[in-house]
Each structure stands twice: as structure tokens, then as C-alpha cells.
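A closer look at the structure
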Amino acid sequence: MAINKRHKESFITNQTEGQKYVIDDIEHKSKAWVPIQIDTGNSVEIVQVDGGLITGLSEGEFICDNLVYTIKDNSMGLKITWIIELKGTRNPKEARHSIKQIIKSIQYFQDQVEYPQAFKYVNNRDYVFAAIAGAPDKTLPALNNKDLKALCQRLMAISVKRKSVKDMFMLFCIIKPDNKCKKAEIRGSKPPYDIYCYKNKGGYISYPSMLMKLLESK
């Protein structure tokens, strides 16, 4: 099936079951990207957050790039939001900063006065996941555990079904595009896990089923 790209006149792209989409940020010259394919029975919004959903920020203030929002799930019946930061860099400082960007974004989503249109994306969601995506030619450095812990605590707090999450670090993952990857898969001995993927036939990340696999104990 053809890959649908974002319409330039809108910061929201609607996708439905079976459709493929590559989340990228060419406008900001990021080399990171996330390929997803929507599961059967699902329809979603793919939202450009920075400069779309959230605007008018002060100079030097940065937030996350995108999110995926389940509109309808006829398969598992779950309401899921997946917050994504595209960070194709080897720079440890920039990688650590991406965690803070996601935390800051959640604060904006919860600000019903300034950004009432953003509140729905974190309100009454069964699970809120987050990810940092690298680029195929760059290895993301290790993330600061203190900052990551703060993010995962925030994700747990806004996930309605938090009691079913055995480890809060399961709500976060690293996306690693790899041209040798023939099929998207989860790797790692303990959370947070890595998801290896690519823009080939089997390399797309199944949404939301692959995120739900992050919650399974290995």
C-alpha cells in the first residue's frame, strides 16, 4: 500500500487500518524518522506538535515533534497516545535534552487555558507512550536515567491503566531505523526497550500492537 504523506496545509494527518506513514521532520533537517503501519480496526491522527498543535513558544524553547493519537480501536478497544521526538544525533547533550522536550510538551498538553485543543491528546488515555527516534546512520547515546525516570513517572501518571504497567520504563522506547532490519522488532533484556525498524516491506512498526508488546514481560 502506498505511503501517505502529510498535507502541507494541515498539522493533522488521518490514517486508517493498513495504511503506512513515515513520521519525519524534513523541515527542521532532522535525519530521524519513524515508519508506522496502522493495525486492523484502528484509525488515528498523526499530529505535528512543534509549530502545529503548539505554537507561539519563546525563542530557544523546544518541544516534541509529533504524536500519534488513536481515534478508534475496534481491535483492542484502547485509547493510546504516542509522543515522539525525532533526534538523529550522537550528541549526548542533545539526546538528554529530548527527554526534557517531551516532559515540557506534556505540560503544554495539560494546559487547558493556553492550549485547549491539545488537552484531548493526554486526557483520559488508557496508555501514553513516548519515544525518541534516531537516524539510520547515527547511534543515539545513553540517556540520563534521572531525566528518563522523571518522564516515565509523568507517563504513568497520565495513563489510566497504569496499574497494568509492571515497569514504568515500558512506556518509553528508543526507535532505531536500521537498513538491515527486515522486520520491525523489539530488542533489549529489560525496559526501556529498543524498536528496530526500517522503510521496507516488513520494517514498519505496527501501531498500536507493537507498543502493547512493550508492556509484556520478557
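One can find the structure itself at the top, above this paragraph.
Right, let's walk through the structure included here. Everything quoted here is computed from the prediction, not taken from an experiment.

Examining the sheet that holds strand β9 (residues 185-187)
With respect to topology, 8 strands assemble into an open sheet ordered β1-β4-β5-β6-β7-β8-β10-β9, the strand pairing being mixed. Whereas interior strands pair on both sides, the edge strands pair on one side only; in this sheet they are β1 (12-16) and β9. This sheet shows a mean twist of 25° between the axes of neighbouring strands, independent of strand direction. Sheet topology note: the β1/strand β4 (residues 42-48) ladder contains 5 bridges and is antiparallel. Paired with threonine 13 across the two strands is isoleucine 46, which belongs to β4.

Re the state of the cysteines
This model, assessed by the stated rule, comprises 0 disulfides. Distance from the sulfur of cysteine 173, which forms no disulfide, to the nearest cysteine sulfur (cysteine 197) is 9.3 Å. Judged by relative accessible area, cysteine 173 falls into the buried class, the value being 1%. Free of any disulfide, cysteine 197 has its nearest cysteine sulfur in cysteine 181, 6.6 Å distant.

Points about the pairing of strand β2 (residues 20-24)
Among the 5 residues that make up β2, 5 are buried, leaving the element largely enclosed by the rest of the structure. Of the two faces of β2, the one carrying Lys20, Val22 and Asp24 and the one carrying Tyr21 and Ile23 are both buried. As paired elements, β2 and strand β3 (residues 33-38) share 5 bridges and run antiparallel to each other. If you follow isoleucine 23 over to β3, its bridge partner there is valine 34.

Conventions we followed
Residues numbered from 1 in each chain as written. Predicted model: local features only at pLDDT ≥ 70, side-chain atom pairs only at ≥ 80, totals over all residues. Heavy atoms only, no water. Pairing = 2+ DSSP bridges. Helix = DSSP H or I, 4+ residues; strand = E, 2+ residues; numbered from the N terminus. Axes fitted to C-alpha atoms, helices over the stretch in contact; angles between N-to-C directions. Disulfide = S-S within 2.5 Å. Buried < 20%, exposed > 50% of the residue type's maximum accessible area, 1.4 Å probe, protein only.

Take it as geometry only, folks, not as evidence of what the structure does.
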